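What the coordinates show
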Amino acid sequence: MDIRQIRHFLAVAGTLHFGRAADRLGMTQPPLSQSIKSLEQKLGAPLFERTKRSVALTPFGSDFLPYAQKALGRVDALNGVADAILNGQAGRLDLSFVSTADYSVLPSLVHRFRQLYPEVALSLTEATTDMQLAALSDGRSHAGIIIRGHETELSGFEYRTLVKEPLIAAVPESWLTEGRFLDGPLAADAVIASPLIVFPRRAAPMFHDLVTGYYTSHGGTAHVAQHAIQMQTIISLVSAGMGIALVPASLRNLARVGVRYLDLQGEAPELETGLVWRNGETAQTLQNFIEMSQHLTR
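Attention here is on the structure that accompanies the text.

Right, let's talk about the overall build of the protein chain for a bit. In terms of regular secondary structure, the protein chain is built from twelve helices and eleven strands. The C-alpha radius of gyration of the protein chain comes to 32 Å, more than 25% above the 19 Å expected for a compact globule of 298 residues. Across its three principal axes, the protein chain shows a C-alpha extent of roughly 100 × 40 × 30 Å. Across the 298 residues that make up the protein chain, the buried fraction comes to 46%. Put simply, 72% of the contacts in the protein chain that link residues at least 6 apart link residues at least 24 apart. Carbon and sulfur atoms form 51% of the exposed surface of the protein chain, whose accessible area is close to 15200 Å². Charge centroids of the protein chain, computed over 26 positive and 28 negative side chains, lie 14 Å from each other.

Another aspect to go through is the packing of aromatic side chains. Within this structure, the stated rule accounts for nine aromatic pairs. Between Phe60 and Phe64 the ring centres are 5.9 Å apart and the planes differ by 20°, which places this aromatic pair in the stacked class. Residue Phe60 and its partner Phe64 are both found in helix H4 (residues 59-76); the two are separated by four residues, about one turn of the helix. Relative accessible area serves as the criterion here: at 16%, Phe64 is assigned to the buried category. On the numbers, 6.2 Å between centres and 90° between planes, the contact of Tyr214 with Tyr215 is edge-to-face. Across this residue pair, the class does not change: Tyr214 and Tyr215 are buried. The aromatic ring of Trp175 is capped on one face by Arg180, whose charged end is 3.7 Å from the ring centroid.

Turning next to the pairing of strand E4 (residues 120-126). Direction of pairing for strand E3 (residues 91-97) relative to E4: parallel, over a ladder of seven bridges. Paired with Gly91 across the two strands is Val120, which belongs to E4. In the classification by handedness, the crossover that spans E3, the intervening helix H6 (residues 106-116) and the parallel E4 is right-handed.

Attention now moves to the packing of helix H1 (residues 3-15) against H4. Relative orientation of the contacting elements H1 and H4 amounts to 125°, with a least axis distance of 10 Å. The angle between H1 and H4 places the two elements in the oblique class. In the packing of H1 onto H4, the handedness of the crossing is left-handed. Taking contact as the criterion, the partners of Ile3, Ile6, Arg7, Phe9, Leu10 and Ala13 in H1 are, on H4, Gly61, Phe64, Leu65, Ala68, Gln69, Leu72, Val75 and Asp76.

Those residues of helix H11 (residues 231-239) that fall on the buried side of the exposure criterion are Met231, Ile234, Ile235, Leu237 and Val238. Each buried residue of H11 lies within a common arc of 160° when the element is viewed along its axis, so the set occupies one face. In this structure, the buried residues of H11 make contact with strand E6 (157-172), strand E7 (196-198), helix H10 (205-217), strand E8 (224-227), strand E9 (245-248) and strand E10 (259-262).

This part covers H1. Relative to the 18 Å expected for 13 residues at 1.5 Å per residue, H1 spans 19 Å between its end C-alpha atoms, a close match to the ideal helical length. Along H1, the residues that are buried comprise Gln5, Ile6, His8, Phe9, Leu10, Ala11, Val12, Ala13 and Thr15. Residues of H1 that are buried sit in contact with helix H2 (18-25), helix H3 (29-43), strand E1 (48-50), strand E2 (55-57) and H4. Leu16 sits one or two residues past H1 and shows a positive phi near 50°.

What follows covers the packing of H2 against H3. At a minimum axis distance of 9 Å, the contact between H2 and H3 shows a crossing angle of 105°. Comparing their axes, H3 and H2 come out roughly perpendicular. Between H2 and H3, the residues in contact are Phe18, Gly19, Ala21, Ala22 and Leu25 and Gln29, Leu32, Ser33 and Ile36, respectively. Grouping the constituent residues of the contact of H2 with H3 by class yields six nonpolar, three polar and no charged.

Counting residues in hydrophobic clusters, the biggest one holds 65 residues, and the most contacted among them are Ile145, Phe207, Tyr215, Leu246, Val247, Tyr261 and Leu275. No other element matches the six residues that E6 contributes to this core. When residues no more than four places from it in sequence are discounted, the contact partners of Tyr261 are Ile168, Ala169, Ala170, Ile235, Val247, Leu251, Arg252 and Leu254. Of all hydrophobic cores here, the second largest spans 19 residues; its members include Ala11, Leu47, Val55 and Leu65.

So, how was this worked out
Residues numbered from 1 in each chain as written. Predicted model: local features only at pLDDT ≥ 70, side-chain atom pairs only at ≥ 80, totals over all residues. Heavy atoms only, no water. Helix = DSSP H or I, 4+ residues; strand = E, 2+ residues; numbered from the N terminus. Rg over C-alpha atoms; globule rule 2.2 N^0.38 Å. Buried < 20%, exposed > 50% of the residue type's maximum accessible area, 1.4 Å probe, protein only. Contact = heavy atoms within 4.5 Å. Areas by Shrake-Rupley, 256 points an atom, 1.4 Å probe, with all protein chains shown as cover. Lys, Arg positive; Asp, Glu negative; His and termini not counted. Charge placed at Lys NZ, Arg CZ, Asp CG, Glu CD. Phe/Tyr/Trp six-rings, centres within 6.5 Å; stacked < 30°, edge-to-face > 60°. Lys NZ or Arg CZ within 6 Å of the ring centre and 35° of its normal. Pairing = 2+ DSSP bridges. Right-handed = clockwise from strand over helix to strand, strands pointing away. Axes fitted to C-alpha atoms, helices over the stretch in contact; angles between N-to-C directions. Parallel < 35°, antiparallel > 145°, perpendicular 65-115°, else oblique. Left-handed = near helix turned anticlockwise from the far one by under 90°. Arc of directions from axis to C-beta. Expected span 1.5 Å × (residues − 1). Nonpolar A, V, L, I, M, F, W, Y, C, P; charged D, E, K, R; others polar. Core = buried A, V, L, I, M, F, W, Y, C linked by side-chain atoms within 4.5 Å.

Here's what the structure looks like:
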């Protein structure tokens, strides 16, 4: 079906006069009449009842009219849709994030983006840093919020820092009740003497090295009791009394019965979380997200 035929039908339906409809369309009456006849043949039923003195819609034509108006309206709206996509006001943004970001920068970034670009379809996927980089390399995601890794891991990507925060200790509350820990900043020797729950190195090498580096810098070795790849799981294991965890300070936003968060004595290691995307990524929705994140985290 030719969209021009739909325009012709609507013009005649709006005037109920082939001559006036032809003038409105900037054409002569014979090709307009032929266009309507061709459309009626395609549809399998007449749209108009014609006499020498009048033109009227058939019952079929009356029922078909609102559908034709709606369809043409959508076609006419395509120019605006194209402009919105080119400006990043519409389209899609696929964003992945590490679990730690859920308690720091992610909520504010998502909330602000939804305010500014409500028509953009935003897809969020929680994943470890290594899985995010693989998805970005394969073109399965636009951007990711990751824990900063070594420079070699970011080859072929663009990266911008979103937040830096110190590590704190998540400890079983029962250990404070029992007097195993004092309610205050935790000393390095108490950390070293405690079983540790931590991300596996393959999933978050920078985070893992930052945590174990704290032990090394204080003359000790981490005694890993359990690995877990979800921050919620790590905190649950702490609540169960399996050990302690060194986590970003923003994890204080994750309240859990049986868990206390304590500062570390002295200078604490600092964890960096940032936004990463593939070199050459041109999606305007992503460019808008990058610009928004800069203003927000500033």
